[in-house]
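# Working through the structure, step by step
As a plain string of letters, each chain reads:
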Amino acid sequence: MTYKKLFKETQETLNKYNFSNNYTDILFEDIFNLNKKDYFLNQEKEVNKKQQQKLQRIIKKIIKTEIPLSYLTHQAYFYKLKLYVNKNVLIPRFETEEVVDMALKIIKEKQYNTVLDLGTGSGCIALAIKKEIVKLDVFASDISEKCLYVARKNAYNHDLKINFCQSDLLKKFIKQKKKFDIIISNPPYISDNYSLDKSVLFEPFLALFAGTDGLDIYKRIFADLKLVMNKNGTAIFEIGFDQANSILQLLKDYNLKGIIEKDINNNDRILIVTDLS
Ligand SMILES: C[S@@+](CC[C@H](N)C(=O)[O-])C[C@H]1O[C@@H](n2cnc3c(N)ncnc32)[C@H](O)[C@@H]1O
């Protein structure tokens, strides 16, 4: 069997079960070490039998369980970075890259120096920011040591110096009297009652759910925000597409000022909180 034939067969099988062609690209890169360019150069070559069987086993598992591909290949891409992921961390999302874009714009405009990625998971936000602006002093925290293990591994793999810290939201920083110019966070914001796609249920609940209205974590962060911000600081959050009104109301309750920006799909997605001193 040639790579070309196997590629076509794989696409057809996965398409039948509504998995995009992207899955085949990633599987070929992971199992055969063939990125798009290498695939085209090698497509007429014969596939190694053992590797072909491995591919078939993985395809079966994807179809049977709907487990996200990233948890099988242990790879995810975020902001041009190839990241290691496992079942303990959220698979980084495209929407979050837009939060990073916005944060970078603000960091440059306001000439900020100290950054906190709150609830870092795989480390994706912290790493993307540090990679773009190396001179920044970047901190990243999570309540989960298992997430911090993954985030540290990614920082090491990309040779990026990040200050990692285990903390229940802002508690440790308040205790240490540590302050930041900008806090960036994609916190858990899904309502406990929301019914999610089966594939999302493979991801850690700690990363997803935040009480009956999905606002529990925002409430805790807003309550403490001013204690950890430098003068003229900004906090920027990813929010659920249907949360804009409730979040704006919540800001008022905590005496904070903010605006909401839309994402590329015209969904309310990014909350920017200013006037934090
Ligand atoms: C939605 S995930 C985001 C992960 C990553 N920043 C991303 O964008 O892919 C939320 C993260 O917040 C962490 N988290 C949940 N509760 C927390 C808490 N009380 N304190 C700190 N981190 C928390 C979870 O472990 C998870 O890694």
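Scope of this entry: the structure provided in the associated data block.

Thresholds applied
Residues numbered from 1 in each chain as written. Predicted model: local features only at pLDDT ≥ 70, side-chain atom pairs only at ≥ 80, totals over all residues. Heavy atoms only, no water. Buried < 20%, exposed > 50% of the residue type's maximum accessible area, 1.4 Å probe, protein only. Helix = DSSP H or I, 4+ residues; strand = E, 2+ residues; numbered from the N terminus. Arc of directions from axis to C-beta. Contact = heavy atoms within 4.5 Å. Pairing = 2+ DSSP bridges. Axes fitted to C-alpha atoms, helices over the stretch in contact; angles between N-to-C directions. Near = heavy atom within 4 Å. Polar contact = N/O pair within 3.5 Å; in protein donor to acceptor, adjacent residues only side chain to side chain. Areas by Shrake-Rupley, 256 points an atom, 1.4 Å probe, with all protein chains shown as cover. Nonpolar A, V, L, I, M, F, W, Y, C, P; charged D, E, K, R; others polar.

Because each turn of an α-helix spans 3.6 residues, side chains separated by three or four positions end up pointing in the same direction. All buried positions along helix H11 (residues 216–224) are accounted for by Ile217, Tyr218, Ile221 and Phe222. For H11, the arc enclosing every buried residue in end-on projection is 130°, short of the 170-degree limit, so these residues lie on one face. Looking at the buried positions of H11, the neighbouring elements they touch are strand S3 (114–118), strand S6 (180–185), strand S7 (229–238), helix H12 (244–253) and strand S9 (268–274).

What follows covers the pairing of S7. Summarising burial for S7: seven of the 10 residues are buried, a large majority. Relative to S7, S6 is paired through five bridges, and the arrangement is parallel. By the bridge assignment, Ile182 is partnered in S7 with Thr234.

Turning our attention to the sheet that holds S9. Taken together, the seven strands give an open sheet; going across it, the order is S5-S4-S3-S6-S7-S9-S8, and neighbouring strands pair in mixed fashion. In this open sheet, the two edge strands, each paired with only one partner strand, are strand S5 (163–166) and strand S8 (257–262). Going across the sheet, the axis of each strand differs from the next one's by a mean of 20°, ignoring polarity. The pairing of strand S4 (residues 137–142) with S5 spans four bridges and is classified as parallel.

Next up on the list: the site of the ligand. If you check the shell around the ligand, you find 20 residues, and the closest are Gly119, Asp142, Asp168, Leu169 and Ala207. Taking Thr120, its main chain carries an N or O atom lying 3.3 Å from a nitrogen atom of the ligand. Leu169 places a polar main-chain atom, nitrogen or oxygen, 2.8 Å from a nitrogen atom of the ligand. Taking 590 Å² as the accessible area of the ligand by itself, protein coverage stands at 96%. Going through the elements one at a time, helix H7 (124–132) and helix H10 (205–208) are the ones with two or more residues in the shell around the ligand. In terms of residue class, the shell around the ligand is built from 11 nonpolar, six polar and three charged.

Purely spatial values, then, with no claim about function.
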